[in-house]
Amino acid sequence: MWKTGAALWDLRVTPRCPYLWSLMPMQLCGVTTGVVRVTTVGDVTVIATESLSKRFPRVTALDRLSLDVGPGVTGLVGANGAGKSTMIKILLGLSPASEGRAEVLGLDVATEGAAIRERVGYMPEHDCLPPDVSATEFVVHMARMSGLPPTAARERTADTLRHVGLYEERYRPIGGYSTGMKQRVKLAQALVHDPQLVFLDEPTNGLDPVGRDDMLGLIRRIYTDFGISVLVTSHLLGELERTCDHVVVIDGGKLLRSSSTTDFTQTTATLAVEVTDTDAHPDGTRAVREALHARGVEVLDSQSGLPGAGHILLLTAQGEETYDVVRDVVADLGLGLVRMEQRRHHISEVFTNEDEQRKEAVGHGS
Amino acid sequence: MAVEHPVTVPSGDQTRIHNIGYRTYDGPRLGRSYATRSLYSQSLRGAYGLGRSVKSKVLPMLLFVVMCVPAAIMVAVAVATKAKDLPVDYTRYAIIMQAVISLYVASQAPQSVSRDLRFKTVPLYFSRPIETADYVRAKYAALASAMFILTAAPLIVLYVGALLAKLDFADQTKGFGQGLVSVALLSLLFAGIGLVIASVTPRRGFGIAAVIAVMTISYGAVSTLQAIADAQGSSSAVPWIGLFSPVTLIDGLQSAFLGANSAFPGAVGPSNGEGVVYVLAVLGLIAACYGLLMRRYKKVGL
Ligand SMILES: Nc1ncnc2c1ncn2[C@@H]1O[C@H](COP(=O)(O)OP(=O)(O)O)[C@@H](O)[C@H]1O
Ligand SMILES: [Mg+2]
């Protein structure tokens, strides 16, 4: 189960990483202004938020969100309006949080925004490119805006455009580029100053299936080949499964789940059971649960925030017998067994918004 | 809130294998003031179409030439006829050429700020070390500098010509200095007004039209009212009316303090007392433009 809203600093001291404790005082007091280039792998926490809230006059965009994100590629997933972009703006130090605190690379977003923005890259979700200049000119200019001296800006622009896959076309005005090429330019300007971390806001938006796969591959390489940690947002869960080391799911500004993708997609010994209701047992699901309990088979707590989980019983199969027990219990109660199947955890289970689920289905089908 | 570190990265492992193709950057990061200066120089060059398409060089370059040609002709005439004085005062030149200056600011203010707003490039700037104020200052300084180049260049032509024609050195130097102060104020004022208007009209065409309208309509209205007031004998109202257009503001200020002959009806500029009001109005407007721009960009955010 995933506890939401638990205090961040408690959770840091987990048996898994006992040495974290020694780092805490330094990171907590927020005086680590002198952080130089530390390779992301050595860093323990890339992003940490604690009860982070953002309230606009009419909506609460983020609601007491506590997160602790390590190095690697992290997906931030949620339906439109879930608060993903708001989160990035706060992490860039551009929008003050209403409540709570956040650190990026050990720097406090409230007081050290400029230092953060020197070390991170940002790719916005919307178009941001002037059509009448070439990719080269634009990225060189943006490199200088990040503080790179003129020569370094030119060299790194040439390198970065090559890494994102823009070659001859980089001398032509951006106005004539395809969506895929524009996305690459947007990515290049976020990487050109060799940041320690990049925020990519919906980088696959508007891309066709091939373009999306290319972009996802590129995002993976940003970490594995370039050593730059990534926070990438998407409203499609499916596409981040393969790309990310972690997925954080938010909904309505609340943390729904934060976990490693291997957890999400492992084949498990979990059985999903769905039964019909009868007059004798108007709540068939509940009757089965109680009967199973009496036979010593525990049904997993389904309060995991999964929508519709109320009608599906999840239980751990101890072996072939478990199937028999379930079959017998359901038959004894006179209920119909709608399905009983071994489950593969799929991250889209945590998706709540039907609309988005539909979109995801479209995405998968293409 | 289960938060593990990626399985591929054993915690605490300090080694990292890079793809040979990717080079990290360990050189200097020059920070905020360097970035602001870079934005300034990029915007200043952009105001003359440098670093942009050939098409965008045409108008600013043409206007620059149009500004300088009359000065060159005057100088040629003065030298050839061995005249005792230049045909126009240094302070008067910009007033005569105001249409060209207005056209320049109307075309380049939107170029400078509307593009960034329209194509949503502004958030990219603010995702870097520079702050709102740095952006506004760089853009304002760049356009004001570009306008100063436009308005000071013909004065330099006049001054060099005057020296070649062996006109009185002290006289000419004083006039030239007064002219430079006047066009510096004019550049700040026009650039500020142009940028404020352009920053609220992301569509470039509207921006151009709006700036031209504000500059020419205000001048037309003010000079008409001044003429009516003068004709009806209430010439004391003339200087007060002059407070309501950018061109007449500069005209009044320089006739009060920079030895200029006023272009107001009857050639009567404001008195020294009224001139103080002009100075305050000009400085106040420049400050107001800066403040409005700051407010505008605070809202843009991301
Ligand atoms: N500047 C703002 N003023 C008011 N409400 C905002 C503002 N920015 C975002 N919101 C609201 O906050 C919520 C989260 O928005 P956002 O972070 O953009 O979501 P996402 O990026 O996940 O689609 C939405 O309901 C949105 O309408
Ligand atoms: Mg968004």
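All figures in this text were calculated on a predicted structure; none of them were measured in a lab.

### Let's talk about the overall build of chain A
The number of helices and strands found in chain A is 13 helices and 13 strands. Expressed as a percentage of the 366 residues in chain A, the buried residues total 57%. In chain A, the share of contacts with a sequence separation of at least 24, taken over all contacts with a separation of at least 6, comes to 72%. As presented, chain A carries roughly 15,000 Å² of accessible surface, and 52% of it is formed by carbon and sulfur atoms.

### Considerations on the overall build of chain B
Within chain B one finds 11 helices and zero strands. Ordered by position in the sequence, the α and β elements of chain B form the string α-α-α-α-α-α-α-α-α-α-α. A compact globule built from 302 residues should have a C-alpha radius of gyration of about 19 Å, whereas chain B, at 25 Å, is more than 25% larger. When the 302 residues of chain B are sorted by exposure, 51% land in the buried category. Taking as baseline every contact in chain B between residues at least 6 positions apart, the subset at least 24 positions apart corresponds to 75%. Surface summary for chain B: the accessible area is close to 13,300 Å², and the carbon and sulfur share equals 68%. Within chain B, one finds 26 positive and 13 negative side-chain charges whose respective centroids are separated by 10 Å.

### Structural notes on the pairing of strand S3 (residues 73-77) of chain A
If a strand is regular, its side chains alternate between the two faces of the sheet. All names here are of chain A. Of all five residues in S3, five are buried; the element is thus mostly enclosed. Along S3, one buried face is formed by Val73, Gly75 and Val77 and the opposite face, lined by Thr74 and Leu76, is buried too. Sheet analysis places S3 next to strand S8 (residues 229-234), joined by five bridges and oriented parallel. Note on S8: the bridge partner recorded for Gly75 is Val232. Bridge count for S3 against strand S9 (residues 246-251) is four bridges, and the pairing is parallel. From the neighbouring strand, Gly75 faces S9, where its bridge partner is Val247.

### Let's talk about the packing of aromatic side chains
Going through the model one piece at a time under the given rule, you end up with eight aromatic pairs over all chains. Look at Phe226 of chain A and Tyr22 of chain B: their rings are 4.2 Å apart centre to centre, the planes differ by 15 degrees, and that puts the pair in the stacked class. Placement of Phe226 of chain A in the loop between helix H8 (209-224) and S8 and of Tyr22 of chain B in the segment before helix H1 (31-46) is noted, with the two residues assigned to different chains. Centre to centre, the rings of Tyr159 of chain B and Phe176 of chain B are 4.3 Å apart; their planes meet at 5 degrees, and the pair counts as stacked. Here Tyr159 of chain B, found in helix H6 (residues 132-164), pairs with Phe176 of chain B, found in helix H7 (residues 169-199); they are 17 residues apart in sequence, far enough to count as distant. Across the pair, exposure class does not vary: Tyr159 of chain B and Phe176 of chain B are buried alike.

### Structural notes on a negative patch on the surface
Residue and element names in this part refer to chain B. On the surface, a cluster of negative charge is contributed by Asp85, Asp89, Asp168 and Asp171. Tracing the backbone through its elements, the reader meets Asp168 in the loop between H6 and H7. Classification of Asp168 by relative accessible area gives partly exposed; the value is 47%.

### As for the coordination of the magnesium ion (ligand 2)
All names here are of chain A. Protein-derived coordination of the magnesium ion (ligand 2) comes from Ser85 (OG) and Glu125 (OE), at a distance range of 2.0 to 2.6 Å. With Ser85 in helix H3 (residues 84-91) and Glu125 in the loop between strand S6 (120-123) and helix H5 (135-145), this residue pair connects regions lying 40 residues apart in the sequence. Relative accessible area serves as the criterion here: at 16%, Ser85 is assigned to the buried category. Classification of Glu125 as partly exposed rests on a relative accessible area of 35%.

### With respect to the sheet that holds strand S4 (residues 99-104) of chain A
Residues and elements named next belong to chain A. Taken in spatial order, the four strands of this open sheet run S2-S1-S4-S5, and their pairing is antiparallel. Strands with a single pairing partner mark the edges of an open sheet, and in this sheet they are strand S2 (60-69) and strand S5 (107-108). Bridge analysis of strand S1 (residues 47-55) against S2 gives six bridges, and the strand direction is antiparallel. Looking across to S2, one finds that Ile47 is bridged to Val69. Sheet contacts for H3: S1, S2 and S4; angle to S1, the most-contacted strand, approximately 115 degrees.

What counts as what
Residues numbered from 1 in each chain as written. Chains lettered and ligands numbered in written order. Predicted model: local features only at pLDDT ≥ 70, side-chain atom pairs only at ≥ 80, totals over all residues. Heavy atoms only, no water. Helix = DSSP H or I, 4+ residues; strand = E, 2+ residues; numbered from the N terminus. Buried < 20%, exposed > 50% of the residue type's maximum accessible area, 1.4 Å probe, protein only. Contact = heavy atoms within 4.5 Å. Areas by Shrake-Rupley, 256 points an atom, 1.4 Å probe, with all protein chains shown as cover. Rg over C-alpha atoms; globule rule 2.2 N^0.38 Å. Lys, Arg positive; Asp, Glu negative; His and termini not counted. Charge placed at Lys NZ, Arg CZ, Asp CG, Glu CD. Pairing = 2+ DSSP bridges. Phe/Tyr/Trp six-rings, centres within 6.5 Å; stacked < 30°, edge-to-face > 60°. Patch = residues over 30% accessible without salt bridge, like charges linked within 9 Å, V, L, I, M, F, W, Y side chains within 5 Å. Salt bridge = Lys/Arg side-chain N within 4 Å of Asp/Glu carboxyl O. Donors = N, O, S within 2.8 Å, 3.2 Å for Na, K, Ca; no water. Axes fitted to C-alpha atoms, helices over the stretch in contact; angles between N-to-C directions.

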